[in-house]
Number of protein chains: 2
Amino acid sequence: MATLARIGEQGFIDLVARLARPARPRPVLGIGDDAAVLALPPRAQMLLTTDLLTEGIHFRSAYTPGLLLGRKALAVNLSDIAAMGGAPHSCVVAIGFPRATPLERARAVARGLGAQARRHRVAIVGGDTCAARSLFVNVCLLGLVEPGRAVRRDGARPGDSLYVTGRLGASAAGLAMLRRRRRPRGAPRSAVTRAVRAHLDPVPRVTAGRALGVTGLATAMIDLSDGLSQDLRRLCDASRAGALLEEAAIPVSPLALSLLGAAGARRAALEGGEDYELLFASRPGHQPLIDHLARRIRLPMTRIGQVLPRRQGIRILTRDGRYRDLPPRGFEHFPR
Amino acid sequence: MATLARIGEQGFIDLVARLARPARPRPVLGIGDDAAVLALPPRAQMLLTTDLLTEGIHFRSAYTPGLLLGRKALAVNLSDIAAMGGAPHSCVVAIGFPRATPLERARAVARGLGAQARRHRVAIVGGDTCAARSLFVNVCLLGLVEPGRAVRRDGARPGDSLYVTGRLGASAAGLAMLRRRRRPRGAPRSAVTRAVRAHLDPVPRVTAGRALGVTGLATAMIDLSDGLSQDLRRLCDASRAGALLEEAAIPVSPLALSLLGAAGARRAALEGGEDYELLFASRPGHQPLIDHLARRIRLPMTRIGQVLPRRQGIRILTRDGRYRDLPPRGFEHFPR
């Protein structure tokens, strides 16, 4: 079987360069020099983020096609730029490939990166391809935002409403299916396929983030990568605020419901992570504007609670009408 | 022994944030949100590069102190910005740590990154810290350059002189000492120490690169990461030119001479790599200006040959007066 050695580091770089070609905006100088050269619009501020996918931690090669790995590596970074209300612009990609990586797999990763870049009009302007002991893909993505308009985590105020885009829990349900390797009794095959897709090929909410940013509708925003309970706490901590979530209002993914049951799906929505939906706060009077925006871009935006003074902590009103503390549960890279 | 689990991902992020604090320029928003926000000068162009160090390929943990690993991870990126004639500005850092990484080692990596950032006034504005199967450090560095003044690889013209900064071969000599694990007979201990230092803690030629760029003295430039013979070919290929090197003129490191002998040192200078000196081309009349600049910044800049028309290929005039082809020899990540 052909491995990466057939084309070598330079061959892989050429491949990415070819696949990334149609991207706009065009860099002044792209792949192939010591650094890329970019001309940026004169009055924009710049956003910079980096996000990493590592074998055995973020994904297992056994169930992650190279194409989707490439797409996801860019998607998780697009999600970060979206959560700042920015427009993605250009990126560089650093990949560590084990020496025995089949050439077809390396090509598929490049194709996935290129496809996602074209879809979001991001230019891949450089990178570093190295041998490594286990596979990882790191993307560093640059975005633009109007000066002073970046949506930070720290702008939520007591009285603001809390919203999420889309529906939560499908990614966790997909991961559970991948781990379990067999379908739960009675679960429709198409639900499994779609949940697995939600996990392996998340859709970053770039249009929604951008719209919530430029309109000034979002006072604070974060993308849901580590799970609602953990990411809500991050937003609240940055804003020095508390919050009350209404469990009955949380839009649980129907895929999660059909695959994990009601209790499992609710937990997946709260703690599952990797949904890459946006959590944001908005002034109380803005509900009609948010409804309008949601219809316009055809993405649900659901009010799930409100921001409270910090001393009230972070709580959840459960379906059976009780108030409970909401501990931040989700993924920790270095568990004790 | 305490591992990273004692402080966790967030603890490590806080540590980097604290160590990176005094850096200038200050970002509008640094570590701790979904992306960093940067305000850039209105008329600059931007440079973007990423470079990766992976365990077992670029370094072995057994002989690489965490502090120097952190310094080098940033140095190799600074070297890329220098080779474009740019000024480094801000960076993000993605690190994969094995779960069993001792806390002290993780702290040392953070300290090394912070120290190098402060030294070159680079702001560390974000990053991603993940568990991984083997250690790697990836830096994505952003630089600034006056519009149209980036020094590319493709500007060399027949008749230009070729120069290198500093002396070559010390890094390869240091690596040989680390691999051999014992001192060659008669070699002074201090030479070993300094060669090892050259390998583990290279000094990026940021001031030289910047000076050669803003003055317009360099028509093409590249940093020597993979070895003179390979990087010269890259510069020539990009410029559609040939070259003649004069072997007797190549400034071989005295450390390499004393540790590897004359023949070994010459090979190290030509093929060794990781010296992170700059190779550049300059118009023939500019020798006095380059001499002046070299004295001014106290860094040797040695004329080692000239650019030729492409059809003449890339050759070397050996010490014994013969002309030979110069094959590109150096590191390939995916050897056949």
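Reading the values: the criteria
- Residues numbered from 1 in each chain as written.
- Chains lettered and ligands numbered in written order.
- Predicted model: local features only at pLDDT ≥ 70, side-chain atom pairs only at ≥ 80, totals over all residues.
- Heavy atoms only, no water.
- Phe/Tyr/Trp six-rings, centres within 6.5 Å; stacked < 30°, edge-to-face > 60°.
- Helix = DSSP H or I, 4+ residues; strand = E, 2+ residues; numbered from the N terminus.
- Buried < 20%, exposed > 50% of the residue type's maximum accessible area, 1.4 Å probe, protein only.
- Pairing = 2+ DSSP bridges.
- Least-squares fit on C-alpha atoms with pLDDT ≥ 70 in both.
- Contact = heavy atoms within 4.5 Å.
- Core = buried A, V, L, I, M, F, W, Y, C linked by side-chain atoms within 4.5 Å.
- Salt bridge = Lys/Arg side-chain N within 4 Å of Asp/Glu carboxyl O.
- Polar contact = N/O pair within 3.5 Å; in protein donor to acceptor, adjacent residues only side chain to side chain.
- Nonpolar A, V, L, I, M, F, W, Y, C, P; charged D, E, K, R; others polar.
- Axes fitted to C-alpha atoms, helices over the stretch in contact; angles between N-to-C directions.
- Right-handed = clockwise from strand over helix to strand, strands pointing away.
- Domains from an automatic or database assignment.
- Buried area = accessible area lost by both parts, 1.4 Å probe.

## Some points on the packing of aromatic side chains
Moving on, step 1. Using the criterion set out here, one finds 3 aromatic pairs over all chains in the structure.
Moving on, step 2. For the ring pair Phe 136 of chain A and Phe 136 of chain B, a centre distance of 3.6 Å and an interplane angle of 5 degrees mean the geometry is stacked. You can see Phe 136 of chain A sitting in strand 5 (residues 136-145) and its partner Phe 136 of chain B sitting in strand 5 (residues 136-145), one on each of two chains.
Moving on, step 3. The class of Phe 136 of chain A is buried, set by a relative accessible area of 2%.
Moving on, step 4. With centroids separated by 5.2 Å and ring planes inclined at 10 degrees, the aromatic side chains of Tyr 163 of chain A and Phe 280 of chain A adopt a geometry described as stacked. Of the two residues, Tyr 163 of chain A is situated in strand 6 (residues 161-165) and Phe 280 of chain A in strand 9 (residues 278-282); the sequence distance between them amounts to 117 residues.
Moving on, step 5. With a relative accessible area of 0%, Tyr 163 of chain A lands in the buried category.

## Let's talk about the pairing of strand 6 (residues 161-165) of chain B
Each regular strand shows side chains that alternate between the opposite faces of the sheet.
Residue and element names in this part refer to chain B.
Moving on, step 1. The element strand 6 is extensively covered by neighbouring structure, given that 5 of its 5 residues are classed as buried.
Moving on, step 2. Neither face of strand 6 is exposed, since Ser 161, Tyr 163 and Thr 165 on one face and Leu 162 and Val 164 on the opposite face are all buried.
Moving on, step 3. Sheet topology places strand 6 next to strand 10 (residues 301-309); 5 bridges connect them, and they run antiparallel. Considered in strand 10, the bridge of Ser 161 is made with Gln 306.

## Describing the relation of the copies chain A and chain B
Superposition of the two copies of the chain requires a rotation about an axis together with a shift along that axis.
Moving on, step 1. When chain A is fitted to chain B, the residual RMSD is 0.0 Å, and the transformation amounts to a turn of 180 degrees plus an axial shift of 0.0 Å. Interpreted geometrically, this transformation is the action of a two-fold axis. Among all residues of chain A, the minimum C-alpha distance to the rotation axis is found for Pro 42 of chain A, at 2.5 Å.
Moving on, step 2. Same-surface contact between copies: 100% of interface residues of chain A are shared with the interface of chain B.

## Regarding the nonpolar core
Across soluble globular proteins, you tend to see nonpolar side chains buried next to one another.
Moving on, step 1. Counting residues in hydrophobic clusters, the biggest one holds 42 residues, and the most contacted among them are Leu 228, Leu 232, Leu 245 and Ile 250 of chain A.
Moving on, step 2. Examining the composition of this core, we find that 6 residues originate from one element, helix 8 (residues 254-271) of chain A, more than from any other.
Moving on, step 3. In this structure, Leu 232 of chain A is in contact with Leu 162, Ala 243, Leu 245, Leu 279, Ile 314 and Leu 326 of chain A, ignoring residues within four places of it in sequence.
Moving on, step 4. Formed by 41 residues, the second largest nonpolar core is a distinct cluster that contains Ala 170, Met 177, Leu 200 and Leu 224 of chain B.

## Examining the interface of chain A and chain B
Moving on, step 1. Taken together, the contact pairs 68 residues of chain A with 68 residues of chain B.
Moving on, step 2. Summed over the shared surface of chain A and chain B, the number is 6 salt bridges.
Moving on, step 3. The residue Asp 33 of chain B makes a salt bridge to Arg 153 of chain A at a minimum N-O spacing of 3.6 Å.
Moving on, step 4. Seen at the junction of chain A and chain B, the total is 18 residue pairs in polar contact (both at pLDDT 80 or more).
Moving on, step 5. The greatest single-element share of the side of chain A that touches chain B, amounting to 9 residues, is contributed by strand 2 (residues 45-54) of chain A.
Moving on, step 6. Of the residues assigned to the side of chain A that touches chain B, the class counts are 39 nonpolar, 14 polar and 15 charged.
Moving on, step 7. Sheet topology places strand 2 of chain A next to strand 1 (residues 36-38) of chain B; 3 bridges connect them, and they run antiparallel. Its bridge partner being in strand 1 of chain B, Met 46 of chain A is matched across the sheet by Leu 38 of chain B.

## Focus on the sheet that holds strand 10 of chain B
All names here are of chain B.
Moving on, step 1. The 7 strands lie next to each other as 7-9-6-10-8-11-12, forming an open sheet whose pairing is mixed. In this open sheet, the two edge strands, each paired with only one partner strand, are strand 7 (220-223) and strand 12 (323-325). Within this sheet the neighbouring strands show an average axis-to-axis angle of 25 degrees, counted without direction.

## Quick look at the pairing of strand 4 (residues 123-131) of chain A
All names here are of chain A.
Moving on, step 1. Within strand 4, 8 of the 9 residues are buried, which leaves it mostly tucked inside the rest of the structure.
Moving on, step 2. In this structure, strand 3 (residues 87-97) lies alongside strand 4, joined through 8 bridges in parallel fashion. Residue Val 92 lies in a different strand from strand 4, and its bridge partner there is Gly 126.
Moving on, step 3. Taken together, strand 3, helix 3 (residues 103-119) and strand 4 form a β-α-β motif whose crossover is right-handed.

## Considerations on the environment of Ala 117 of chain A
Residue and element names in this part refer to chain A.
Moving on, step 1. Structurally, Ala 117 is set in helix 3.
Moving on, step 2. Separated by 33 residues in the primary sequence, Ala 117 and Met 84 place their C-alpha atoms 19 Å from one another.
Moving on, step 3. The residues contacting Ala 117, other than those within four sequence positions of it, are Leu 74, Val 122 and Ile 124.

## Regarding the domain arrangement of chain A
Put simply, an interface is often sized by how much accessible area is lost when its parts join up.
Residue and element names in this part refer to chain A.
Moving on, step 1. Domains assigned within chain A are domain 1 (4-145) and domain 2 (153-325).
Moving on, step 2. The C-alpha centroid of domain 2 is placed 27 Å from the C-alpha centroid of domain 1.
Moving on, step 3. Opposite the 22 residues of domain 1 that make contact, domain 2 presents 20 residues.
Moving on, step 4. Together domain 1 and domain 2 conceal approximately 1800 Å² of surface at their shared face, both sides included; 58% is due to carbon and sulfur atoms.
Moving on, step 5. Summed over the shared surface of domain 1 and domain 2, the number is 2 salt bridges.
Moving on, step 6. Where Glu 274 meets Lys 72, a salt bridge forms, and the shortest distance between an N and an O atom there is 3.0 Å.
Moving on, step 7. One can count 5 residue pairs in polar contact (both at pLDDT 80 or more) joining domain 1 with domain 2.
Moving on, step 8. No other element matches the 10 residues that helix 2 (residues 66-83) contributes to the side of domain 1 that touches domain 2.
Moving on, step 9. Classifying every residue of the side of domain 1 that touches domain 2 by side-chain character gives 13 nonpolar, 6 polar and 3 charged.

## Brief notes about the sheet that holds strand 2 (residues 45-54) of chain B
Moving on, step 1. If you trace the 5 strands from one edge of the open sheet to the other, you get 1(A)-2(B)-5(B)-3(B)-4(B), paired in mixed fashion. Each edge of the sheet is formed by a strand with only one pairing partner; in this case those strands are strand 1 (36-38) of chain A together with strand 4 (123-131) of chain B. Geometrically, the sheet is characterised by an average inter-axis angle of 20 degrees between neighbouring strands, direction not taken into account.
Moving on, step 2. Across 9 bridges, the pairing between strand 3 (residues 87-97) of chain B and strand 5 of chain B is antiparallel. What sits directly across from Ser 90 of chain B, in strand 5 of chain B, is Leu 142 of chain B.
Moving on, step 3. Against the sheet, helix 2 (residues 66-83) of chain B touches strand 2, strand 3 and strand 5 of chain B, its axis set at about 140 degrees to strand 2 of chain B.

## A few points about unusual backbone geometry
Moving on, step 1. For Arg 121 of chain A, which is not a glycine, the phi torsion comes out positive at approximately 55 degrees.
Moving on, step 2. Among the secondary structure elements, Arg 121 of chain A is positioned in the loop between helix 3 and strand 4.
Moving on, step 3. Non-glycine residue Tyr 276 of chain B carries a positive phi angle of around 55 degrees.
Moving on, step 4. Among the structural elements, Tyr 276 of chain B can be located in the loop between helix 8 (254-271) and strand 9 (278-282).

## Considering the pattern of salt bridges
Moving on, step 1. For the coordinates displayed, the defined rule picks out 36 salt bridges over all chains.
Moving on, step 2. Note that Glu 146 of chain A is salt-bridged to Arg 210 of chain A, the shortest N-O span being 2.7 Å. Of this pair, Glu 146 of chain A sits in the loop between strand 5 and strand 6 while Arg 210 of chain A is found in helix 6 (residues 206-214), placing the two residues 64 residues apart along the sequence.
Moving on, step 3. Overlapping salt bridges, with partners in common, bring together Asp 33 and Asp 34 of chain A together with Arg 153 of chain B in one network.

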